[in-house]
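Residues per chain, in single letters:
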Amino acid sequence: MTNKQKGIICIIISAFCFALMNSLVHLAGDLPTIQKSFFRNFVALIFAGAVIFRSKEKLHYKKTDLPLLILRSAAGTIGILGNFYALDRINIADASMLNKLSPFFVLIFSYIFLKEKPRLIQVAGVIIAFIGSIFIIKPAFNVSFIDIAPALAGFAGGMGAGAAYTAVRALGKRGVKGPLIVFFFSGFSCLVTLPYLIFCYHTMTLYQIGVLLLAGLAASGGQFGITAAYTYAPAKEISVFDYTNIIFAALLGLFMFGQVPDVYSIIGYVIICGISIAMFFSDRKQG
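The structure reproduced in this document is the subject of the present report. Because the structure is a prediction, the values reported are computed rather than measured. (Residues numbered from 1 in each chain as written. Predicted model: local features only at pLDDT ≥ 70, side-chain atom pairs only at ≥ 80, totals over all residues. Heavy atoms only, no water.)

**Quick notes on the side chain of Q208**
Right, so step 1: Counting through the fold element by element, Q208 comes out in helix α9 (residues 206–232).
Right, so step 2: A relative accessible area of 13% places Q208 in the buried class.
Right, so step 3: Within the structure, Q208 has its side chain in polar contact with the backbone oxygen of A28 (distance 2.9 Å).
Right, so step 4: Discounting residues that sit within four places of it in the chain, Q208 has contacts with A28, D30, L31 and T203. (Helix = DSSP H or I, 4+ residues; strand = E, 2+ residues; numbered from the N terminus. Buried < 20%, exposed > 50% of the residue type's maximum accessible area, 1.4 Å probe, protein only. Polar contact = N/O pair within 3.5 Å; in protein donor to acceptor, adjacent residues only side chain to side chain. Contact = heavy atoms within 4.5 Å.)

**Details of the nonpolar core**
Note that soluble globular proteins tend to have their nonpolar side chains buried in a common cluster.
Right, so step 1: Counting residues in hydrophobic clusters, the biggest one holds 78 residues, and the most contacted among them are M21, M97, L101 and F104.
Right, so step 2: Sort the elements by how many residues they give to this core and helix α7 (residues 145–173) lands first, with 11 residues.
Right, so step 3: If sequence neighbours within four positions are ignored, F104 has contacts with G125, V126, A129, Y243, I272, I275, S276 and M279. (Core = buried A, V, L, I, M, F, W, Y, C linked by side-chain atoms within 4.5 Å.)

**Details of unusual backbone geometry**
Right, so step 1: Even without being glycine, K115 reaches a positive phi, approximately 60 degrees.
Right, so step 2: With respect to the helices and strands, the residue K115 is situated in the loop between α5 (102–113) and α6 (120–137).

**A few points about a nonpolar patch on the surface**
Right, so step 1: On the surface, a nonpolar cluster with roughly 450 Å² of combined accessible area is contributed by F42, I46, F47, L214 and L217.
Right, so step 2: Taken together, the elements giving at least two residues each to the nonpolar patch come down to α2 (33–53) and α9.
Right, so step 3: Among the elements that line the nonpolar patch, the one with the most residues is α2, at 3 residues.
Right, so step 4: Considering the arrangement of structural elements, one finds F42 in helix α2.
Right, so step 5: Classification of F42 by relative accessible area gives partly exposed; the value is 36%. (Patch = residues over 30% accessible without salt bridge, like charges linked within 9 Å, V, L, I, M, F, W, Y side chains within 5 Å. Areas by Shrake-Rupley, 256 points an atom, 1.4 Å probe, with all protein chains shown as cover. Salt bridge = Lys/Arg side-chain N within 4 Å of Asp/Glu carboxyl O.)

**Topic: the environment of D147**
Right, so step 1: Its location among the elements puts D147 in helix α7.
Right, so step 2: As for D147 and F84, which are separated by 63 residues in sequence, their C-alpha atoms are 16 Å apart.

**Quick look at the packing of aromatic side chains**
Right, so step 1: According to the stated counting rule, one finds 9 aromatic pairs in the structure shown.
Right, so step 2: Here the aromatic rings of F38 and F39 are separated by 5.7 Å at their centres, their planes lie at 85 degrees, and the arrangement is edge-to-face. Just as F38 is buried, F39 falls in that class too.
Right, so step 3: An aromatic cluster is defined as three or more aromatic residues linked by ring pairs; in this entry it consists of F105, F109, F113, F130 and F155.
Right, so step 4: Lying over the aromatic face of F185, R72 brings its terminal NZ or CZ to 4.2 Å of the ring centre.
Right, so step 5: Lying across the ring of Y85, R89 places its NZ or CZ 3.7 Å from the centre. (Phe/Tyr/Trp six-rings, centres within 6.5 Å; stacked < 30°, edge-to-face > 60°. Lys NZ or Arg CZ within 6 Å of the ring centre and 35° of its normal.)

As structure tokens, then:
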């Protein structure tokens with residue numbers, strides 16, 4: 001297979017894993033967002049660590065790669081916290097859709113930091129995607145900030161994820177291996193959230209622990225998949241396939257929780273997914 005085909009397969013597998021993770025995070029119930037984030041990343045840390053220590057490279061990396069690794073980890077942590085906060089308070093499909101604004105942020109950040117110049121349709125796509133996000137966030141003059149805060153957190157989560165995946169792309173160009181990127185990010189995120197657990201830990205049932213461990217397993221699959229995908233191919237060639245996540249999320253939300261998106265959310269989905277598909281075919285024609 002070509003690198004592009006490998007990237008497509010990896011990103012679809014990742015999309016399903018992340019949709020499953022989102023559903024399991026919601027299923028874990030009333031627990032603090034930071035506590036859920038810790039357990040999600042702790043499992044990923046163990047898996048990434050096992051892969052690294054069985055390899056020949058171990059934890060080897062260049063000092064010049066450290067700023068990018070830290071940037072990827074910090075942005076990824078913000079992305080997870082924003083996404084998890086939204087998942088606990090709004091429709092799973094809505095939260096997933098806002099998180100999947102990340103490919104558009106990848107285009108923006110890739111232009112700023114990697115000098116990968118977008119074409120006109122990609123610029124238009126970013127603008128249209130933001131319009132679509134407004135339908136999901138549903139701001140209104142008679143709605144308080146508290147009411148839309150979860151959706152705004154989901155939006156910020158998508159921005160953080162976009163910055164993180166841009167850093168992944170840059171690290172991939174430098175030859176940094178996927179397991180190292182995942183391990184560094186998971187370890188960073190665990191260290192950042194650990195103080196909260198020490199002082200503000202909420203007691204969990206065995207059921208909640210089991211669900212969060214399964215969410216961590218799903219997250220590991222998603223993280224390895226997305227990391228591999230963006231190291232195989234540029235975002236502009238494969239990012240559209242990440243939107244299969246919304247299909248998976250909507251189906252899981254419907255069958256597991258009976259959640260049905262409202263009309264405005266569906267309009268937002270159609271706008272964002274539609275422009276993504278248009279951008280994909282434009283890129284393929286251009287190539």
